[in-house]
Amino acid sequence: MKAIRRFTVRPVLPEPLRPLSELAHNLRWSWHAETRDLFQSVDPEAWRAAGCDPVRLLGRVRPARLAELAGDRRFRRRLNAVADDLDDYLTGDRWYQAQSEGLPAAVAYFSPEFGITAALPQYSGGLGILAGDHLKAASDLGVPLVGVGLLYRHGYFRQTLSRDGWQQEHYPVLDPNELPLTQLAEADGTPARVSLALPGGRCLNARIWLAQVGRVPLLLLDSDVEENDLGARSVTDRLYGGGGEHRLLQEMLLGMGGVRAVRAYCRLTGHPEPEVFHTNEGHAGFLGLERIAELCASGLDFDSALESVRGGTVFTTHTPVPAGIDRFERELVARHFGPDAELPGIETQAILALGMETYPGGEPNLFNMAVMGLRLAQRANGVSVLHGQVSREMFAGLWPGFDAEEVPITSVTNGVHAPTWVAPEVLRLGARKIGTQRAEDALAVGGSERWDSVADIPDQEIWELRRTLREQLVLEVRERLGVSWRQRGAGNAELGWIDGVLDPDVLTIGFARRVPSYKRLTLMLRDRDRLRELLLHPERPVQIVVAGKAHPADDGGKRLVQELVRFADDARVRHRIVFLPDYGMAMAQKLYPGCDVWLNNPLRPLEACGTSGMKAALNGCLNLSVRDGWWDEWFRPDFGWVIPTADGTGMDAERRDDIEAAALYDLLEARIAPRFYERGRGGLPDRWIEMVRQTFTLLGPKVLAGRMVREYVERLYTPAARSHRALTPDTARELAEWKARVRAAWHGVSVDHVETTETTATAELGTTVGLRVRVGLGALTPDDVEVQAVSGRVDARDRITDATIAPLKPAGTPDLEGHRLYEGPLPLDRTGPYGYTVRILPSHHLLASPAEPGLVALPAEDTVEAAGVLLR
């Protein structure tokens, strides 16, 4: 019989056990082993049945057991110790509190998804896991972050397989009252609300749920409230569900509603107001509009408010392809703003101008969320060095006249939260060498360049650790595979073969991620006969564990999953290759540590960063990857292998995949498997163990989320906070007026004549050439501009590479025609083909980058010819 109504009955904890409730509702338990061990000891069987979720556990424990624990002095002492540890963690000074003055009082971090723990399934893949790791690392460092997202009533989706291997999606309903959440309430106890105006007089209301992630509050907006009509209630139904207007409303609620939720939270709790707003991908870009509207309501004009908002905003792009960006029809966006909808006090055209693709190659009728994110943020970054380069090229149209390398998008390479992803066995091994506290600090805070203490760990211990982790993975795979086959309709009598799946002494390769086409799930299947030979090699066999979800609307991705599943179903190889459905955090925490090699073979450069290999590396797993994302930056043959990229001109996709797959097979057959199975004098794979050791020593400190968040604080958050403070209403107005004046007068700015003291086409290294430049500034003054000499080696087309920029100084007063002279030295510090040019840029002390206004004046063609090129 089906219940007609559902509600949650909460347990009444005996007084001595009251701290259990706070421990369960602070998600620090998801990365704090002692807290998890405490909950497991409450009732091991119920803990397992509750999916290792403390909130669900407390709802299942029998009252008699709670009474028994309340009278157990040893358990109470242990409970109080864990509760005191949490209190110290929440209130004590950490890394951030020890830094110099000038750091932001608070930072608001907006993301469409957050992967904190499997108990709070509000993530789909890498973006959400990264956001969750960002919050956890900020908590460990003491960074005063406030997370903002949406609460999806169905999460992403649960994945099963049909009998023939086709992906099937299931959307279980999530009851917020059964999750580690509390509802934000007003002083009178009524639920706090935010509301958005919709066209036609409708409203979109949302309540605010609070998840406590260590020291960091995470605010999640939920539109499934009675005041909403059916359409509005469904806005937060599914993560990345629907499209068009549904997606637009999700993003308006996330961005604009999120700012309103932050204001409510700070008002109700006394938390400092954020000085910096961080937009994690374009989905939350509307937060900038809401902040502009706040300033306009206080009397500032739109352009001045825009400058003020830009100063305190950081935008992170995560996609290296235009197709990965949300874009909306201009008319759809226009309908949701103006007198009959949101932000009636702001001209709709001004809003649209922020997101329209008004640049060469853009589609003028589309509103681009990443473009809006970049126009609303004074600081922007990609998520690896290579991705920063790709992003500068992809968005160069927003800064016409500048070379791609000068586009103001930097990079902060992603990291992963080691306490979440490092197996307890790995942590214990480190703790035995340097102590528990030092080991925990090394993983959470980082700061060192190398972990040299790993050198003291004997080979035998490293090898035993790797085998233990591999054995645990084998048991996990067999259990999950049995569940999957029963879901596919198999009976127990058909499943005896599962007990022989995988071998704890065989080289184990992992591949797990989302399944868009560019990640090439099935590249390993290009030559199936050769793959079978690798799997079934009599002396050096290989076994592969694969997992991943295709987007529900991506039938192409589902076909890739089915193709892999059908190969893995073959009775000849099914003990050596498996596909595990329903990839998520709980599976990943077993998968990364248990693999010997982590495989990643995307189309370069389409993997923005790719953090799964980082999590594997922290457990001593070696990486085998295309040089993309973070691996392009940090690869060394000391600790991994590179799959060469077939990217020659005219290379078709089929040929490229054939070449790269063959290279993958060659690496496995000739280099990786032999190294794993070869034994030294002591009977151990000495060379393999040394690569594991180098992975820990050299990669470990780099891949930490603690390192990543420290970089954000130092390179982006703190400068943004300074800009926020500098851009008072008066200075923001001054900057906006200056930009308007400069743009209006820029047509009169010119480089009219360039001459040098060097008249020949060659010169000697170490000499200095004098430059004299005559420029026209029109209605501008020397204070408004900087005249620069740009020099460096030149390529065959006279393009300057590896440029050096030097400002030139004004000399004398304007001539009768109003032209000015600028002079300066040009040192010739490099040999070979060398060239220079001169340019004029706007200059203002409140600009974060000289490219920010997108204006540049360059010499005319005849001026270039007269000036010549040096050192040809």
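Preceding block: the structure.
Residues numbered from 1 in each chain as written. Predicted model: local features only at pLDDT ≥ 70, side-chain atom pairs only at ≥ 80, totals over all residues. Heavy atoms only, no water.

1. Focus: the pattern of salt bridges
Move 1: Tallied over the entire structure, the rule returns 64 salt bridges.
Move 2: With a shortest N-O distance of 2.8 Å, Asp229 and Arg202 are connected by a salt bridge. Placement of Asp229 in the loop between β8 (216-222) and α8 (230-233) and of Arg202 in the loop between β6 (193-197) and β7 (203-213) is noted, with a sequence separation of 27 residues between them.
Move 3: Take Asp229: its relative accessible area is 33%, and that puts it in the partly exposed class.
Move 4: Two residues, Asp224 and Arg233, come together in a salt bridge whose shortest N-O distance is 2.8 Å.
Move 5: Owing to a relative accessible area of 30%, Arg233 belongs among the partly exposed residues under this scheme. (Salt bridge = Lys/Arg side-chain N within 4 Å of Asp/Glu carboxyl O. Helix = DSSP H or I, 4+ residues; strand = E, 2+ residues; numbered from the N terminus. Buried < 20%, exposed > 50% of the residue type's maximum accessible area, 1.4 Å probe, protein only.)

2. Considering the environment of Asp340
Move 1: Residue placement: Asp340 occurs in the loop between α12 (330-335) and α13 (348-355).
Move 2: In this structure, the C-alpha to C-alpha distance between Asp340 and Pro217, residues 123 residues apart in sequence, is 34 Å.
Move 3: Sequence-distant contacts of Asp340, defined by excluding residues within four places in its chain, comprise Leu198, Pro199, Gly200 and Gly201.
Move 4: Separated by 3.0 Å, the side chain of Asp340 and the backbone nitrogen of Gly200 make a polar contact. (Contact = heavy atoms within 4.5 Å. Polar contact = N/O pair within 3.5 Å; in protein donor to acceptor, adjacent residues only side chain to side chain.)

3. What to know about the packing of aromatic side chains
Move 1: Under the counting rule described, the total for this entry stands at 20 aromatic pairs.
Move 2: Seen from their ring centres, Tyr156 and Phe157 are 4.7 Å apart, and the 45° between their planes marks the pair as tilted. This pair shows no difference in class: Tyr156 is buried, exactly as Phe157 is.
Move 3: Both rings, one in Phe676 and one in Trp688, keep their centres 5.1 Å apart while their planes meet at 90°; by these two values the pair is edge-to-face. Of this pair, Phe676 sits in helix α25 (residues 653-677) while Trp688 sits in helix α26 (residues 686-699), placing them 12 residues apart in sequence. (Phe/Tyr/Trp six-rings, centres within 6.5 Å; stacked < 30°, edge-to-face > 60°.)

4. Focus on the sheet that holds strand β26 (residues 820-827)
Move 1: With antiparallel pairing, the 4 strands of this open sheet are ordered in space as β21-β22-β26-β25. Whereas interior strands pair on both sides, the edge strands pair on one side only; in this sheet they are β21 (750-756) and β25 (809-811). Ignoring which end each strand starts from, the neighbouring axes of this sheet average 30° apart. (Pairing = 2+ DSSP bridges. Axes fitted to C-alpha atoms, helices over the stretch in contact; angles between N-to-C directions.)

5. Thoughts on the layout of surface pockets
Where empty space is left can be seen by rolling a probe of water-molecule size over the atoms.
Move 1: Considering only enclosed or pocket space, the second largest pocket measures out at about 890 Å³ in volume.
Move 2: A class-by-class count of the residues in the lining of the second largest pocket yields 20 nonpolar, 6 polar and 8 charged. (1 Å grid on protein atoms, 1.4 Å probe; cavity = no way out; pocket = protein on both sides within 12 Å on 5 of 7 lines; lining within 4 Å. Points joined across faces, edges and corners; volume = space filled by probe spheres on them. Nonpolar A, V, L, I, M, F, W, Y, C, P; charged D, E, K, R; others polar.)

6. Digging into the side chain of Asp175
Move 1: For Asp175, the position within the fold is in the loop between β4 (167-170) and β5 (182-183).
Move 2: The exposure class assigned to Asp175 is buried, which follows from its relative accessible area of 14%.
Move 3: A polar contact of 2.9 Å, which involves the side chain of Asp175, links it to the backbone nitrogen of Asn177.

7. As for the nonpolar core
Move 1: Within the largest apolar cluster, 106 residues are counted, with the highest numbers of intra-cluster contacts made by Leu507, Met524, Ile544, Leu624, Trp641, Ile672 and Trp688.
Move 2: Not counting residues within four places of it along the chain, the set of residues in contact with Leu507 comprises Pro541, Val542, Gln543, Asp596, Val597, Ile672, Ala673, Phe676, Tyr677 and Trp688.
Move 3: If you look at the next biggest cluster of nonpolar residues, it comprises 62 residues, including Leu221, Leu289, Val333 and Ile346. (Core = buried A, V, L, I, M, F, W, Y, C linked by side-chain atoms within 4.5 Å.)

8. What about the pairing of strand β24 (residues 800-807)?
Move 1: Where strand β23 (residues 785-794) and β24 come together, 6 bridges link them in antiparallel fashion. Bridging across to β24, Arg793 finds its partner in Thr801.
Move 2: In this structure, the hairpin formed by β23 and β24 is closed by a connection of 5 residues, where Asp798 is found at a positive phi of approximately 65°.

9. What to know about the sheet that holds β23
Move 1: Taken in spatial order, the 3 strands line up as β24-β23-β27 in an open sheet, and their pairing is antiparallel. With one partner strand each, in any of the chains shown, β24 and β27 (834-842) form the two edges of the open sheet. With direction set aside, neighbouring strand axes in the sheet form an average angle of 25°.
Move 2: Summarising the sheet, β23 and β27 pair through 9 bridges and their orientation is antiparallel.

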